[in-house]
Amino acid sequence: MGPILGVWSPSERNLLERVHDRLVRTAGCERVRYVPSRIDANEVVCAVDPTVFLGRSSDGSARLRVEFDLTGDRPHYWIQWWEPELEHGFGWHCDETEPEYGPVHFQVEYPDGSTERESAPTVEDEQPYRTFERRFGAIESRLDDLDW
Amino acid sequence: METWSDSTTARERVETIATTLSRPRTANWVADQADVKWDTAKKYLDELVESGELLVTDSGEYVPDPTRAYFDRLRELILTNDRESLRGELAAIADRIDSWKREYDVDSRDELEQSLASDLGPDAVRDRRRAIRRWETSERTRETIAAALAIYDDVTTLTDEIPESATLETAG
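Treat the numbers as computed from the prediction; the structure is a model and nothing was measured. Numbers given for residues are sequential positions, taken from 1 along each chain in its written order. By the order in which they are written, chains take letters starting at A while ligands take numbers starting at 1. Since the coordinates come from a predicted model, pLDDT governs what is reported: local features require at least 70, and pairs of side-chain atoms require 80 or more to be given and counted, while whole-chain, interface and lining totals use all residues. As a rule here, side-chain values cover all heavy atoms of the structure and leave hydrogens and water aside.

## Quick word on the overall build of chain A
Here is the rule we go by: Counting from the N terminus, the helices are DSSP H or I runs at least four residues long and the strands are E runs at least two residues long. Using C-alpha atoms as the atom set, the radius of gyration is obtained and then compared with a globule rule of 2.2 Å times the number of residues to the power 0.38. Only protein chains enter the calculation, and the probe is 1.4 Å; a residue is then buried if its accessible area is under 20% of its type maximum, exposed if over 50%, and partly exposed in between. Here, residues are in contact when the closest pair of their heavy atoms is within 4.5 Å. Only the protein chains shown count as cover for residues, and all accessible areas are computed by the Shrake-Rupley method using a 1.4 Å probe. Think of it this way: Lys and Arg go in the positive column, Asp and Glu in the negative one, and His and the chain ends go nowhere. The atoms used to mark charge sites are NZ of Lys, CZ of Arg, CG of Asp and CD of Glu.
Helix and strand counts for chain A stand at 3 helices and 7 strands. In terms of overall dimensions, chain A is globule-like: its C-alpha atoms have a radius of gyration of 16 Å, near the 15 Å expected for 148 residues. Dimensions along the principal axes, computed over C-alpha positions, put chain A at roughly 50 × 35 × 25 Å. Counting over 148 residues, chain A shows a buried share of 51%. Of the contacts formed within chain A by residues at least 6 apart in sequence, a portion of 37% connects residues at least 24 apart. Carbon and sulfur atoms make up 47% of the accessible area of chain A, which amounts to about 6,700 Å² in all. Charged side chains in chain A number 16 positive and 30 negative. The centres of these two groups are separated by 7 Å.

Printed below as a string of structure tokens:
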């Protein structure tokens, strides 16, 4: 899925802008910003107040990072939730680094530095923004399932 | 948290999917992804074609017009940044590229790509692939900023005679 109809594909930038706008509109998502900068954006990052975001009491704070790569044969993405005070987090990684888990793996990182991975369900031929919405909407249930 | 369908209109969802496509897609496919009916998707896609956001291929598939997106990007860079900010971003990009060169002990992005063929662990490969991707984005941004600076005066002159305009300042 390389560049088409010209030398410059706007899709990645547009995706980040849509994600940025979505996070800005979501209660509990604060200080939404592009990294490394608004003009030269590679990812969107925000601080999350879990109590507001989840609508129930929660300890500490969280950060969310979203990144896409559309330059290869199929879209790649990384959507990561991290709780700095508790030093644990999780994320969906769609890349070729852990082929034994299939095209997308769900990765949990624990305070002791250990990491657990499992295959994540995927939808063939899904639009990356749609994927983002699906993963974003699944954060709460994954938090409920995790036994940190 | 509100779901996507709860928090957006059908039109917003179609627009979001259609303007972030990286290859041409049918109205049927967009309808499925945007969670709307086919005729709803078709109506909004045709409106986006009419406004110049999308192109239609010979086979009737829709795709963002890359030339429109490119010029929109130039327009946004020029109308929402002064020259100093754009030059500052060029300096920041140069710093970022220098730091990748130092970190990976390479002279170019090509050389960093070639290093992937060497015997590296999975973490190192992931880390280098990410750096290559970011490097590539920064190079593209640098070219776009240079293009924006080259026409900066001409474009801002066009707006000099127009009183303060929120539309211009937000650059669409």
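## Considerations on the nonpolar core
Which entries qualify depends on this criterion: Nonpolar cores are built from buried Ala, Val, Leu, Ile, Met, Phe, Trp, Tyr and Cys residues. Side-chain atoms within 4.5 Å join them into one set.
Counting 52 residues, the largest nonpolar core has A:Leu23 and A:Leu64 as the members making the most contacts within it. Every residue in contact with A:Leu23, bar those within four places of it in the chain, is listed here: A:Cys29, A:Val32, A:Val44, A:Cys46, A:Leu64, A:Phe132 and A:Phe136.

## Some details on the sheet that holds strand β7 (residues 115-119) of chain A
All names here are of chain A. Heads up, the condition is: Only strands joined by at least two bridges in the DSSP assignment are considered to pair. For helices, the fitted axis covers only the stretch in contact; all axes are lines through C-alpha atoms, and the angles between them, taken along N-to-C directions, range from 0 to 180 degrees.
In space, the 7 strands of this open sheet follow the order β1-β2-β3-β4-β5-β6-β7, with antiparallel pairing throughout. Only two strands of the sheet have a single neighbouring strand rather than two, namely β1 (29-35) and β7. Looking at each pair of strands side by side, their axes are set apart by 15° on average, direction ignored. Looking at chain direction, strand β5 (residues 88-94) and strand β6 (residues 105-109) are connected through 5 bridges and run antiparallel. Across the sheet, phenylalanine 90 pairs through a bridge with valine 108, a residue of β6.

## Some thoughts on the interface of chain A and chain B
To keep it simple, the criterion reads: The salt bridge definition used is simple: a Lys or Arg side-chain nitrogen within 4 Å of an Asp or Glu carboxyl oxygen. Pairs of N or O atoms within 3.5 Å make up the polar contacts considered here, provided that, within protein, one atom can donate a hydrogen while the other can accept it, and that residues adjacent in sequence are counted only when both atoms are side-chain atoms. Asp, Glu, Lys and Arg are counted as charged, while Ala, Val, Leu, Ile, Met, Phe, Trp, Tyr, Cys and Pro are counted as nonpolar; the rest, among them Gly, fall into the polar class.
Taken together, the contacts link 45 residues of chain A with 47 residues of chain B. For the pair chain A and chain B, the interface holds 11 salt bridges. Here chain A and chain B share 24 residue pairs in polar contact (both at pLDDT 80 or more) between them. Here the element with the most residues in the side of chain A that touches chain B is helix α1 (residues 11-24) of chain A; it accounts for 8 residues. Its residues assigned to classes, the side of chain A that touches chain B shows 15 nonpolar, 11 polar and 19 charged.

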